[in-house]
Amino acid sequence: MSTESKSAGQIYKRVDKIRGFVRDQFDFLRQDRLAMLGVIVVAGFVFLGLFGPMLAPNDPIEDDVRGEDGSILRLSEPSGEAAFGTTAFGKDVLSQFLAGARPTFIVGLFGGIGTGAIGFLVGLVSGYYGGWVDEVLMRLTDLTFSLPFMPMALLLLTFVTPSVWLMTAIIAGFLWKMPARVVRSEVLSVRERTFVKSARASGASDLRTMLYHVGPNVLPIGFLYTAYGIAWAIAAQASLAFLGFGDPTMTSWGRMLRQVFESGNMRVAWWWVFPPAFGIATITTSVFLIGRAYEEVINPEIQTDQ
């Protein structure tokens, strides 16, 4: 068999393995109706995050919605000219909602992945090596616990121009502490098991033992807290944007809520409030529903009676 054929065969096996993994996860989630509903909502959110700005009928910042007489429609309820109504500034709420999904998606996805990845690596290294390594990393974790996220994030964003990627970095830099603690506790248990001791006895290096024997056994915890991290990141981004520290060049759901609040029409313009509030609440709840389904498998003690 040629080298090309072997390489193609290995690629095919890897792709087939990934397909099998995805199929298994889908079959698992189908057993939980709420988790499956969460998957559908998350899929829709991903679609909006990728293509929402392209689907927006108007520019969310530059364009004004005008009536038949040419006048700007301000605080107009849903109508033929604006399906979701207009803002106090005559902007299309539907366009802002669709465009606002992208920064929410970016911060949620990469903030969650960053939170899970940093927490997983810190917990893995800390729990495996123990000793002074564990002491240093856990004291660093304690430090992040002692620093409240929102005041520190606001302090940092006061001295720089907020951007989506900066907010993502700040969120991941503060929220990794919880997964780090949980992963470390699991690693402390796994590293004492027979197969880990056998790997060490056979001459495997610490790095290989940690990555190939200990890591895969605590990976489900890492995936679980990555999912939770996505929900935390979305909520944090919306909170920062509502407080006026969002990316000034982009429309986001949190910024929409801030604008309606500043206009003094939050109790009147329900069509302006409902879309971003519903979007934030729905996606964060959906992510938690998916995480809850996996948590019941990882931690059987929380399983509910069927």
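Cut-offs used in this document
- Residues numbered from 1 in each chain as written.
- Predicted model: local features only at pLDDT ≥ 70, side-chain atom pairs only at ≥ 80, totals over all residues.
- Heavy atoms only, no water.
- Phe/Tyr/Trp six-rings, centres within 6.5 Å; stacked < 30°, edge-to-face > 60°.
- Helix = DSSP H or I, 4+ residues; strand = E, 2+ residues; numbered from the N terminus.
- Buried < 20%, exposed > 50% of the residue type's maximum accessible area, 1.4 Å probe, protein only.
- pLDDT = per-residue confidence, 0-100.
- Contact = heavy atoms within 4.5 Å.
- Core = buried A, V, L, I, M, F, W, Y, C linked by side-chain atoms within 4.5 Å.
- Axes fitted to C-alpha atoms, helices over the stretch in contact; angles between N-to-C directions.
- Left-handed = near helix turned anticlockwise from the far one by under 90°.
- Nonpolar A, V, L, I, M, F, W, Y, C, P; charged D, E, K, R; others polar.
- Expected span 1.5 Å × (residues − 1).
- Bend = angle between axes of the 7 residues up to and from the residue.
- Salt bridge = Lys/Arg side-chain N within 4 Å of Asp/Glu carboxyl O.

A. Region of the structure containing the packing of aromatic side chains. Under the criterion given, the structure shown has 16 aromatic pairs. For the pair Phe 45 and Trp 253, a centre-to-centre distance of 5.9 Å together with 55° between the ring planes defines the contact as tilted. Taken as a pair, Phe 45 in helix α2 (residues 33-55) and Trp 253 in helix α10 (residues 253-263) lie far apart in primary sequence, 208 residues in all. Using a relative accessible area of 8% as the deciding quantity, one classes Phe 45 as buried. Centroid distance Phe 149 to Phe 174: 6.0 Å. Interplanar angle 70°. Geometry classified as edge-to-face. With Phe 149 in helix α5 (residues 149-158) and Phe 174 in helix α6 (residues 164-175), this residue pair connects regions lying 25 residues apart in the sequence.

B. The confidence of the model for the chain, seen in detail. Across the chain, the average pLDDT comes to 83, with 88% of residues at 70 or higher. The secondary structure element of the chain with the lowest average pLDDT is helix α1 (residues 3-30), at 65, and the one with the highest is helix α3 (residues 93-129), at 91. This stretch, residues 300-306, has a pLDDT under 50; its non-local contacts, to residues over four places away or in other chains, come to seven contacts.

C. Representation of the nonpolar core within the structure. The biggest cluster of nonpolar side chains holds 40 residues, and the ones touching the most others in it are Phe 149, Ile 171, Leu 240, Trp 253 and Trp 272. Those elements that provide at least two residues to this core are α2, α3, α5, α6, α9 (206-242), α10 and α11 (270-298). When near neighbours in sequence (up to four residues on either side) are disregarded, Ile 171 contacts Val 107, Thr 115, Phe 149, Ala 233, Ala 236 and Gln 237.

D. Quick look at the packing of α5 against α6. Running from N to C, α5 and α6 point in directions that differ by 145°, and their axes come no closer than 11 Å. Seen along the crossing, α5 lies across α6 with a hand that is right-handed. Where α5 abuts α6, its residues Phe 149, Met 152, Ala 153, Leu 156 and Leu 157 lie against Leu 166, Met 167, Ile 170, Ile 171, Phe 174 and Leu 175. Partitioned by chemical class, the residues of the contact of α5 with α6 number eleven nonpolar, no polar and no charged.

E. Layout of α9. The end-to-end C-alpha separation of α9 is 46 Å, well short of the 54 Å expected for 37 residues at 1.5 Å each. When the local axis directions of α9 are compared, the greatest deviation, roughly 60°, occurs at Gly 215, which is followed within four positions by the proline Pro 216. Phi turns positive one or two residues past the end of α9, at Gly 244, with a value near 95°.

F. View of the environment of Phe 145. By secondary structure assignment, the location of Phe 145 is in helix α4 (residues 131-146). Taking relative accessible area as the criterion, Phe 145 reaches 37% and is therefore assigned partly exposed. For Phe 145 and Trp 176, which are 31 residues apart along the polypeptide, the C-alpha to C-alpha distance reads 9.9 Å. The contact partners of Phe 145, leaving out residues within four places of it in the chain, are Lys 177, Met 178 and Arg 181.

G. Expanded view of unusual backbone geometry. Within the chain, Leu 75 stands out as a residue other than glycine whose phi angle is a positive 50°. Tracing the chain through its elements places Leu 75 in the loop between α2 and α3. You can call Leu 75 partly exposed: its relative accessible area is 30%.

H. Representation of helix α7 (residues 177-190) within the structure. A rise of 1.5 Å per residue sets the reference length of α7, with its 14 residues, at 20 Å; its end C-alpha atoms lie 20 Å apart and thus fit the reference within 8%. Buried residues along α7 sit in contact with α3, α4, α6, α8 (194-201) and α9.

I. Here's a closer look at the pattern of salt bridges. Under the defined criterion, the tally for this structure stands at seven salt bridges. Ionic pairing is found between Asp 134 and Arg 184, a salt bridge with its closest N-O pair at 2.7 Å. With a gap of 50 residues between them, Asp 134 in helix α4 and Arg 184 in helix α7 connect regions that are remote in the sequence. The exposure classification of Asp 134 matches that of Arg 184, with both residues buried.

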